[in-house]
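Overview (structure and organization)
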Amino acid sequence: MLRIIAEAGVNHNGSLETAMKLVDAAADAGADYVKFQTFKAENLVTKDARKAEYQKRNIGDADDSQLAMLKRLELRREDHVKLIEHCRKRGIKFLSTAFDLESIDFLHELGIDVWKIPSGEITNFPYLRKIASYNEEVIISTGMCDMEEVKDAVRALHECGNDLHKMTLLHCNTQYPTPMEDVNLRAMLSLKELGGNIGLSDHTLGIEVPIAAAALGASVIEKHFTLSRNLPGPDHKASLEPHELKAMVSAIRNIEKALGSEVKHPTASEVGNKGVARKSIVASRHIKKGEILTDDNMTTKRPGTGISPMRWLEIVGTPAVRDFLPDEQILL
């Protein structure tokens, strides 16, 4: 089954109350997981690390420091426990991306057994080594990567103890929002050659690209969402609102049903239409018994309850077994 991760990320703006509402919105939309981000700002960035351009554009404050921004977006340890319990009550699975080694330890203590590696950590060997040591399911975003970097990350995880069949590689573009011309969705398919499952972490506006990824065979779809794109913060502008998330989940579930198997066969819903939509060989005029059946005295018309027109050459040249009236199905 295709799994949908509703990426709340830091769109709670540091508020547990808002984070709870995000859990509710993800559960109401029918997502499989709601995902947050776990970090200690001091462990994640240096004091002089600057914001990305999209973060400056979306936040619009004068402070250019990543550290100051991230401090405002941290979830407390006790917040995680409350969110996990709320997820349990709402019937949705809790996920969080750790962004530093201390946070990996913390999530492990909480019993997290699915690890989401963000694009920014895919070249962080100590980080990969620590997660690989658990040999649990790993979902890896590959934004900003070429194939060699993805191969290096997969190799590092595998050599440090992670089974290949426990890995899912998500194609990703790390621009918020991603321009359509930069999505390069077919690259998702090239990740298959590395083994494991494939999917998409999407940062485009709208829901078309995740739906297309589902049709191409994604096993995991991740998409940012927010309570409102008008809220202040770095990721709100590139996120879906709750009604859009619900529409995306519904569309993906329909695509998942529609994909079916690779076997071409009439389905139960269409079998009954064969007789109505197909044609039979019928007399085009009055035909006397013994008259030779030809292209001139026969034609094809609905319903398809008689002899199939695919037997035309078999019928032409044979004598009529009895008289036939115009439109009467030919019998042998």
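Note: the structure precedes this text.
We now turn to the structure provided with this report.

Cut-offs applied
Residues numbered from 1 in each chain as written. Predicted model: local features only at pLDDT ≥ 70, side-chain atom pairs only at ≥ 80, totals over all residues. Heavy atoms only, no water. Helix = DSSP H or I, 4+ residues; strand = E, 2+ residues; numbered from the N terminus. Buried < 20%, exposed > 50% of the residue type's maximum accessible area, 1.4 Å probe, protein only. Contact = heavy atoms within 4.5 Å. Phe/Tyr/Trp six-rings, centres within 6.5 Å; stacked < 30°, edge-to-face > 60°. 1 Å grid on protein atoms, 1.4 Å probe; cavity = no way out; pocket = protein on both sides within 12 Å on 5 of 7 lines; lining within 4 Å. Points joined across faces, edges and corners; volume = space filled by probe spheres on them. Salt bridge = Lys/Arg side-chain N within 4 Å of Asp/Glu carboxyl O. Core = buried A, V, L, I, M, F, W, Y, C linked by side-chain atoms within 4.5 Å.

1. Some thoughts on the side chain of histidine 86
Among the structural elements, histidine 86 can be located in helix α5 (residues 77-90). The class of histidine 86 is buried, set by a relative accessible area of 18%. Residue contacts for histidine 86: discarding those within four places in its chain leaves Met20, Val23 and Asp24.

2. Some words on the packing of aromatic side chains
Two aromatic rings are characterised by how far apart their centres lie and by the angle between their planes. This model, assessed by the stated rule, comprises three aromatic pairs. Consider the rings of phenylalanine 39 and phenylalanine 99, whose centres lie 6.2 Å apart with planes at 90°: the pair is edge-to-face. Within this pair, whereas phenylalanine 39 is found in the loop between β2 (33-38) and α2 (41-44), its partner phenylalanine 99 is found in the loop between β3 (93-98) and α6 (101-109), the two being separated by 60 residues in sequence. With respect to class, phenylalanine 39 is no different from phenylalanine 99; both count as buried. On the basis of an interplanar angle of 20° and a centroid distance of 5.3 Å, the ring pair of tryptophan 115 and tyrosine 134 is categorised as stacked.

3. Structural notes on empty space enclosed by the protein
Evaluated as defined, the whole model comprises one cavity of 30 Å³ or more. Computed from the structure, the largest cavity encloses a volume of approximately 50 Å³. Looking at the largest cavity, the residues that line it are His171, Cys172, Asn173, Thr178, Val183, Leu200, Ser201, Asp202, His203 and Thr204. Put simply, the parts of the chain that give the lining of the largest cavity at least two residues each are β6 (167-172) and β7 (197-202). The element contributing the most residues to the lining of the largest cavity is β7, with three residues.

4. Considering the pattern of salt bridges
Applying the stated criterion across every chain, the model contains 25 salt bridges. Residues glutamate 42 and lysine 71 are paired through a salt bridge, measuring 3.1 Å at the closest nitrogen-oxygen approach. Remark: lysine 71 occurs in helix α4 (residues 66-71) and glutamate 42 occurs in helix α2; sequence separation between them is 29 residues. Assessed through its relative accessible area of 49%, glutamate 42 is described here as partly exposed. Residue classification places lysine 71 among the partly exposed residues on the basis of a relative accessible area of 39%. Two residues, arginine 88 and glutamate 85, come together in a salt bridge whose shortest N-O distance is 2.6 Å. With arginine 88 and glutamate 85 both in helix α5 and three residues apart, the pair spans about one turn of that helix. Using a relative accessible area of 58% as the deciding quantity, one classes arginine 88 as exposed.

5. Describing the nonpolar core
Formed by 61 residues in total, the largest nonpolar core has its most connected members in Val34, Phe36 and Phe225. Broken down by element, the residue count for this core peaks at eight residues, all from helix α1 (residues 16-29). Apart from residues lying up to four places away in sequence, phenylalanine 225 is in contact with Ala6, Glu7, Ala8, Asn11, Leu22, Ala25, Ala26, Val34, Ser239, Leu240 and Leu245.

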